2 protein chains.
Amino acid sequence: MPFAETPEPPYTVVVFTNTRTEGDQGYGVMAARMEELATRQPGYLGFESARDEELGIACSYWATDADAAAWKQVAEHLVAQERGRSAWYSDYRVRVATVTRAYGPS
Amino acid sequence: MPFAETPEPPYTVVVFTNTRTEGDQGYGVMAARMEELATRQPGYLGFESARDEELGIACSYWATDADAAAWKQVAEHLVAQERGRSAWYSDYRVRVATVTRAYGPS
C-alpha cells in the first residue's frame, strides 16, 4: 500500500523535495532507519515517497505541526539531517503545511 | 531546475499521490498539456513531480487556496480529471494544504 492512511483533516504534511548526489554513501540504510524511527514518533500518521532520475519527493504526515517539529529535533534524525546536507542531497526544499481538504476517487 | 521557485509562505500546495494503470493510454500527452495549462492559471507558483515503480507524487503550488480550487474547475482540466479516474490512475489521493514554513539548505 503506497498511500498513507491519513485521518480527516486537519493534519500536517511535510513535503521534502530533493536531488541526490552520486552513489549511495550509506543513504539507503539510513533512509530505511529514518522511516522506521519516524513510525514510532508521537503523532506519526504515514509516509509516501517517489523518486525518479530528476527528483525525489517524500511526504510525511503528522497529527499536528508540533509533532512534525518534534520529529525534526529527534537526536538520531538530526545526525541524519547533517549527513543529508553534507553528503546525500545536492539540493532540497522542506515545506511544512496544514492539510485542509483531502479526497480520493470514491 | 526540478524545484518550484515558491515565495515566502503562506501559499497553497496540492499534493497528488497516485498509482498508474498499465500502458500510456494518452496519459503522457495530456499530462504535458495540463502542466502547460496550469502555468497560465491565476496564482500558479510552480510544480514538482516524481514517479517510480510504486507511486507518483505531483505537487502544484498556488498563491491561494482559491487559486488551487479554481484550477480544479477549469473545463479542460475537468475532462482530464475524468479521464484520470476512468483510465490512467488505479488509485489516488489529493491533499490541499497551506504551507506555513519552508526552507532549503542555505
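In this text the structure is predicted, and so the values were computed from the model without any measurement.

Definitions and cut-offs
- Residues numbered from 1 in each chain as written.
- Chains lettered and ligands numbered in written order.
- Predicted model: local features only at pLDDT ≥ 70, side-chain atom pairs only at ≥ 80, totals over all residues.
- Heavy atoms only, no water.
- Contact = heavy atoms within 4.5 Å.
- Buried area = accessible area lost by both parts, 1.4 Å probe.
- Salt bridge = Lys/Arg side-chain N within 4 Å of Asp/Glu carboxyl O.
- Polar contact = N/O pair within 3.5 Å; in protein donor to acceptor, adjacent residues only side chain to side chain.
- Helix = DSSP H or I, 4+ residues; strand = E, 2+ residues; numbered from the N terminus.
- Pairing = 2+ DSSP bridges.
- Phe/Tyr/Trp six-rings, centres within 6.5 Å; stacked < 30°, edge-to-face > 60°.
- Buried < 20%, exposed > 50% of the residue type's maximum accessible area, 1.4 Å probe, protein only.
- Arc of directions from axis to C-beta.

**Concerning the interface of chain B and chain A**
Contact residues are listed per partner, giving 40 residues for chain B and 40 residues for chain A. Broken down residue by residue, the surface that chain B buries against chain A is led by F3, R95 and Y103 of chain B, which jointly contribute 21%. The interface formed by chain B and chain A contains 4 salt bridges. Across the pair E48 of chain B and R95 of chain A runs a salt bridge, and its minimum N-O distance is 3.2 Å. At the boundary of chain B and chain A, one finds 21 residue pairs in polar contact (both at pLDDT 80 or more). Contributions of two or more residues to the side of chain B that touches chain A are made by strand 1 (11–20), strand 2 (44–51), strand 3 (56–62), helix 2 (65–72) and strand 4 (89–103) of chain B. One ladder, built from 9 bridges, connects strand 4 (residues 89–103) of chain A with strand 4 of chain B; its direction is antiparallel. Within strand 4 of chain B, the position partnered with A102 of chain A by the bridge is R95 of chain B.

**Notes on the packing of aromatic side chains**
In this description, an aromatic ring pair is defined by two values, namely the gap between the centres and the angle between the planes. All names here are of chain B. Scanning the model with the defined rule gives 16 aromatic pairs over all chains in all. Ring centres of Y11 and Y61 lie 6.1 Å apart, and the angle between their planes is 70 degrees; on these two criteria the pair is classed as edge-to-face. On the criterion of sequence distance, the pair formed by Y11 in strand 1 and Y61 in strand 3 is long-range, its members being 50 residues apart. Here Y11 matches Y61 in class, with each residue buried.

**Digging into helix 2 of chain B**
All names here are of chain B. All of the buried residues along helix 2 are D67, A68 and W71. Projection of helix 2 onto a plane perpendicular to its axis shows the buried side chains occupying an angular sector of 100 degrees, all on one side. Of the surrounding elements, those touching the buried residues of helix 2 are strand 1, helix 1 (27–39), strand 3 and helix 3 (75–88).

**Digging into the pattern of salt bridges**
Counting across every chain of the model gives 14 salt bridges over all chains. A salt bridge links R33 of chain A to E36 of chain A, with the shortest nitrogen-to-oxygen separation between them at 3.0 Å. Note that R33 of chain A and E36 of chain A are positioned in helix 1 (residues 27–39) at a spacing of 3 residues, about one turn of the helix. We classify R33 of chain A as partly exposed; its relative accessible area is 30%. R40 of chain B is paired through a salt bridge with E36 of chain B; the nearest N and O atoms lie 2.9 Å apart. Since its relative accessible area comes to 36%, E36 of chain B is described here as partly exposed. A cluster of three or more residues bridged by salt bridges with shared partners is formed by R33, E36, R40 and E76 of chain A.

**Observations regarding the pairing of strand 4 of chain A**
Relative to strand 4 of chain A, strand 1 (residues 11–20) of chain A runs antiparallel, the two sharing 10 bridges. If you follow T19 of chain A over to strand 4 of chain A, its bridge partner there is D91 of chain A.

Shape is all these values report; function is a separate question.
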